[in-house]
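Below are the chains, spelled out letter by letter.
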Amino acid sequence: MPDLEQKDFPDEQKDFLIEKIKEKPVNKKKLIRRTIITISMAVIFGLVACVTFLVLEPVISNWLYPEEEPEIQTVEFPEDLEEMSPEEMLAENLPTESPEPTPMPSREPVQSPDPEGGEETEVRLGEEQVQEILAQVTFDLNHYKELYAALHEYGNELSRYIVTVTAVTSNIDWFNSVQERENQCSGVIISENGMELLILTDYSAIRSAERLRLTFYDESQVEAQLKQHNEATNLAVLSVPLEALSDEVRGSRQGAQEGSEGRTEEGQEGAGSQGQEGTESQGAPGESAPDGQGAEGQGVQGPESLVSTEGPQEEGLPIVKFGYSNSKSLIGTPVIAIGSPVGTSNSISYGMITASGTTVSASDRNYRILLTDISGSQNASGVLFDLQGRMLGIITNHRTGTDMRNLITAYGITDLQKTVEKMSNGALIAYLGIRGADVPREANQELGIPFGAYVEEFDMDSPAMLAGIQRGDVITAIGGKNVSSFAEYSKALMDLEPGDTVEVAVMRQAQEEYREMKFNIELGGVR
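Here the structure is a predicted model, which is why all the values come from computation and not from measurement. (Residues numbered from 1 in each chain as written. Predicted model: local features only at pLDDT ≥ 70, side-chain atom pairs only at ≥ 80, totals over all residues. Heavy atoms only, no water.)

Trainee: I tried to follow the packing of aromatic side chains on my own but got confused; where do I start?
Mentor: To describe a pair of aromatic rings, you give the distance between the ring centres and the angle between the ring planes. Considering all chains together, one arrives at six aromatic pairs under this definition. Judged by centre distance (5.1 Å) and plane angle (55 degrees), the rings of Tyr144 and Tyr148 are tilted. Of this pair, Tyr144 and Tyr148 are both found in helix H5 (residues 141-158), four residues apart, which corresponds to roughly one turn of the helix. Looking at Tyr148, the relative accessible area reads 40%, which means it is partly exposed. (Phe/Tyr/Trp six-rings, centres within 6.5 Å; stacked < 30°, edge-to-face > 60°. Helix = DSSP H or I, 4+ residues; strand = E, 2+ residues; numbered from the N terminus. Buried < 20%, exposed > 50% of the residue type's maximum accessible area, 1.4 Å probe, protein only.)

Here you go:
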């Protein structure tokens, strides 16, 4: 090929070939707009991520680490205390500590030192000397005031256990206007199950209630629900969520206790000053009585020391303590009726138990009735307390005789304990359907009737009647437990559950002897 010859281009063409392309100028407005959009999207994304995290974090945490929900605990009351002797009851009702009181004179020999420095000799006080010393121990008006002041203070402490139950019902009048009617009674705080506070009260006053409102000692009010009721005793248990209670009711009691201690110290100072004035007015102890044993000089225990307030001093929820109401020596025990003994809320009365031998017969159990000398209302409600802050009975004037309608009576708490325990747990009570009594020792020895639960009557269409149990039979065993009294039968039946099929052993009279019979009975259930 022929060599390509170098051709010369014009100058204009040379300038075009070496021309450079210029960069496109930056649009600052567009750049700023894109930056703002990017930052805004980042902020929006962050906000969405935060909200999503806050919403999903509890769900994810509960899914990964599930929390155990609080369960309702089973309410169990302690077993009945053993019966105490009269000496033990007297010792328990007396104060545990006192300001060094001088003991009362007695007929016991007293050790007297020999004036010549010899051995001590025994000195016995005669009847006239004892009577002379006792005649000098007198209580004046100040002691009377102090006694009632101490009882009033003690009643205020016990009122922490009491609540006012208001039953609200609504009616429509002739003009189609809704009118609310309120009916009130008193209840007592008996227990808590971890989620609810439980209150025992009279069922007849709240039977037709549409709403229930409780008023505690600190004037706080909460709504309550009916948990269970018992037709035989006409009592009911109400429940209140623990989180609905005020701080003071739930346990913030330091302020109240400090106030109580301050009042007690003031009362003691006042009592001391009164005692000194009384001593000065009576002259020197040596002048008023031999050996300086005057009424004030003996260090006679003041009325405040006769009332023990150890019961209401515990911290936490104000849950009442149960006493023992089946003691044979209960007659004469001082009691305080708190609640509505006179038919008005927040009232209080004082007296003593005058009788405790009356029982009320119900299906499968008997309830002891405590009679007092306290005059009250036929619509009374509330609680009987002893001087140790323990509940002895639930006031009920539905069981009062026609000749004593204005005297306060109460169910003994010991016989009610298992029934209240079932009600507190919302459970039904096992039901056989008999009414009976104990077999007296004389009947056992003279007539040969075996010990056990003597069947006096049975309910119509009850499991006992359908199984063939008759009047005059004596139940000696139920559910594999031997029973020698009606109380033991009631206790054994209370430990069973409705629907259980149990073997009941009875002794039935056949001609001149008793023969054992056994029945397999399916228990019913009642409230």
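There's more to say after this.
Trainee: Explain the sheet that holds strand E7 (residues 221-230) to me, please; I cannot follow it from the model alone.
Mentor: Whenever strands of a sheet pair, they do so through backbone hydrogen bonds, lying parallel or antiparallel. Spatially, E3-E4-E5-E8-E7-E6 is the arrangement adopted by the six strands of the closed barrel, whose pairing is antiparallel. Strand-to-strand twist across the sheet, computed as the mean angle between neighbouring axes with direction ignored, equals 40 degrees. Relative to strand E6 (residues 211-215), strand E3 (residues 162-172) runs antiparallel, the two sharing five bridges. Directly across from Val168, in E6, lies its bridge partner Arg211. On the sheet, helix H9 (residues 413-424) packs against strand E4 (178-192), strand E5 (196-202), E7 and strand E8 (235-241) and is oriented at approximately 120 degrees with respect to E7. (Pairing = 2+ DSSP bridges. Axes fitted to C-alpha atoms, helices over the stretch in contact; angles between N-to-C directions. Contact = heavy atoms within 4.5 Å.)

Trainee: Even after reading the chapter, I still don't get the pattern of salt bridges, so can you show me in this structure?
Mentor: Tallied over the full model, the rule gives 12 salt bridges. With a shortest N-O distance of 3.3 Å, Glu180 and Arg211 are connected by a salt bridge. Of this pair, Glu180 sits in strand E4 while Arg211 sits in strand E6, and the two are 31 residues apart along the sequence. Looking at Arg211, the relative accessible area reads 33%, which means it is partly exposed. As a salt-bridge pair, Arg508 and Asp473 come within 2.8 Å of each other at their nearest N and O atoms. You can see Arg508 sitting in strand E21 (residues 501-510) and its partner Asp473 sitting in the loop between helix H11 (463-467) and strand E19 (474-478), a full 35 residues away along the chain. Asp473 gets classed as buried once you look at its relative accessible area, which sits at 2%. (Salt bridge = Lys/Arg side-chain N within 4 Å of Asp/Glu carboxyl O.)

Trainee: Is there a simple way to explain unusual backbone geometry in this structure?
Mentor: Trans peptide bonds make up the majority, and among non-glycine residues the majority have a negative phi. One non-glycine residue with positive phi stands out, namely Asn234, at about 60 degrees. Residue placement: Asn234 occurs in the loop between E7 and E8. Of note in the backbone geometry, Gln511 takes a positive phi value of approximately 60 degrees without being a glycine. Counting through the fold element by element, Gln511 comes out in the loop between E21 and strand E22 (513-522). For Gln511, a relative accessible area of 76% corresponds to the exposed category.

Trainee: In this structure, what is going on with the pairing of strand E13 (residues 381-385)? I would like to understand it.
Mentor: Consecutive residues of a regular strand have side chains that alternate between opposite faces of the sheet. When you tally the buried positions in E13, you get five out of five residues, the bulk of the element. The pairing of strand E10 (residues 334-340) with E13 spans five bridges and is antiparallel. Of the residues in E13, the one forming a bridge with Gly339 is Gly382. Pairing of E13 with strand E14 (residues 390-395), which is carried by three bridges, proceeds in the antiparallel orientation. For Val383, the partnering residue across the bridge sits in E14 and is Ile394.

Trainee: How should I be thinking about the nonpolar core in this particular structure?
Mentor: The tendency in soluble globular proteins is for nonpolar side chains to be buried side by side. Membership of the largest hydrophobic core comes to 31 residues, with the highest contact counts inside it found for Val188, Ile190, Leu200, Phe385, Met391 and Ile394. The element best represented in this core is H9, accounting for four residues. Apart from the residues within four sequence positions on either side, Ile190 is in contact with Phe77, Leu198, Ile199, Leu200, Val237, Ile319, Val320, Phe322, Val420 and Ser424. (Core = buried A, V, L, I, M, F, W, Y, C linked by side-chain atoms within 4.5 Å.)

Trainee: Please explain a positive patch on the surface as it appears in this structure.
Mentor: The grouping of Lys24, Lys30, Arg33 and Arg34 at the surface amounts to a positive patch. Turning to its location among the elements, Lys30 is positioned in helix H2 (residues 28-64). We classify Lys30 as partly exposed; its relative accessible area is 34%. (Patch = residues over 30% accessible without salt bridge, like charges linked within 9 Å, V, L, I, M, F, W, Y side chains within 5 Å. Areas by Shrake-Rupley, 256 points an atom, 1.4 Å probe, with all protein chains shown as cover. Lys, Arg positive; Asp, Glu negative; His and termini not counted. Charge placed at Lys NZ, Arg CZ, Asp CG, Glu CD.)

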